[in-house]
Amino acid sequence: MEELTKTEERIMQLFWKLKKAFVKDIIAHIPEDPKPPYNTVSSVVRILVSKGFLSYKAYGKTYKYFPVITKAEYRKMKMKIILSGYFGDSPVSLVSFIVQEESLTREEIEELKSIIKNIE
């Protein structure tokens, strides 16, 4: 599975949310105005099909698309890329970064401690 571009990822987020959709449905759920042209979104969707992220069911000349890769599967792959590319494959470095940079609340830190204790 390959990493998605930012545009592809934004479109996939909508498919994960909607489960199944026509291109017009995706355009309707894009938050910004003006909406991107139909052909632009359709091209991105076809790329996602060619990359194996989406599949479709044909209804005449219209296609209803649906995710083949779950959000959890993609998140796992993406985290491996982040972990290896930015944190030297060290989960400790990643968690340390999050704790220091994200200004976690006391409750969030306690929740992390609880998760770690439950794993042990």
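Up top is the structure.
Please read these numbers as outputs of a predicted model, since none were measured by experiment.

The rules we used
Residues numbered from 1 in each chain as written. Predicted model: local features only at pLDDT ≥ 70, side-chain atom pairs only at ≥ 80, totals over all residues. Heavy atoms only, no water. Helix = DSSP H or I, 4+ residues; strand = E, 2+ residues; numbered from the N terminus. Rg over C-alpha atoms; globule rule 2.2 N^0.38 Å. Buried < 20%, exposed > 50% of the residue type's maximum accessible area, 1.4 Å probe, protein only. Contact = heavy atoms within 4.5 Å. Pairing = 2+ DSSP bridges. Core = buried A, V, L, I, M, F, W, Y, C linked by side-chain atoms within 4.5 Å. Phe/Tyr/Trp six-rings, centres within 6.5 Å; stacked < 30°, edge-to-face > 60°.

A. Local environment of the overall build of the protein. Check the secondary structure of the protein and you find 6 helices and 2 strands. Along the protein, from the amino end to the carboxyl end, the secondary structure elements read α-α-α-β-β-α-α-α. In summary, the protein has a C-alpha radius of gyration of 19 Å against a globular reference of 14 Å for 120 residues, an excess of more than 25%. Its C-alpha atoms give the protein principal-axis dimensions of roughly 55 × 30 × 25 Å. Counting over 120 residues, the protein shows a buried share of 22%. For the protein, restricting intrachain contacts to residue pairs at least 6 apart in sequence, the fraction spanning at least 24 positions comes to 47%.

B. Here's a closer look at the pairing of strand 2 (residues 62–67). Sheet topology places strand 1 (residues 54–59) next to strand 2; 6 bridges connect them, and they run antiparallel. Bridging from a neighbouring strand, Ala-58 pairs with Tyr-63 of strand 2. Hairpin geometry of strand 1 and strand 2 is characterised by an intervening segment of 2 residues between the two adjacent antiparallel strands and by a positive phi of about 70° at Gly-60.

C. Structural view of the nonpolar core. Formed by 21 residues in total, the largest nonpolar core has its most connected members in Ile-11, Phe-15, Ile-26, Val-41, Val-45 and Leu-48. For this core, the elements supplying multiple residues, two or more each, are helix 1 (6–18), helix 2 (23–29), helix 3 (38–50) and helix 4 (71–86). A per-element tally of this core places helix 1 first, with 5 residues. Not counting chain neighbours up to four residues away, the residues in contact with Leu-48 comprise Leu-4, Glu-8, Ile-11, Met-12, Phe-53 and Leu-54.

D. Looking closely at the side chain of Glu-8. Relative to the helices and strands, Glu-8 resides in helix 1. Look at Glu-8 and you get buried, because its relative accessible area is 6%. Among residues more than four places away in sequence, those in contact with Glu-8 are Val-44, Ile-47, Leu-48 and Lys-51.

E. Molecular detail of the environment of Lys-17. Inspection of the secondary structure puts Lys-17 in helix 1. A C-alpha to C-alpha distance of 9.4 Å links Lys-17 and Lys-71, two positions 54 residues apart in sequence.

F. Layout of the packing of aromatic side chains. All told, the structure shown has 8 aromatic pairs when counted by the stated rule. Between the aromatic rings of Trp-16 and Tyr-74, the centroid separation amounts to 5.9 Å while the plane-to-plane angle is 35°, which identifies the pairing as tilted. Of this pair, Trp-16 sits in helix 1 while Tyr-74 sits in helix 4, and the two are 58 residues apart along the sequence. Exposure remark for Trp-16: the relative accessible area of 9% places this residue in the buried category. In this structure an aromatic cluster arises from ring pairing among Phe-15, Tyr-56, Tyr-63 and Tyr-65.

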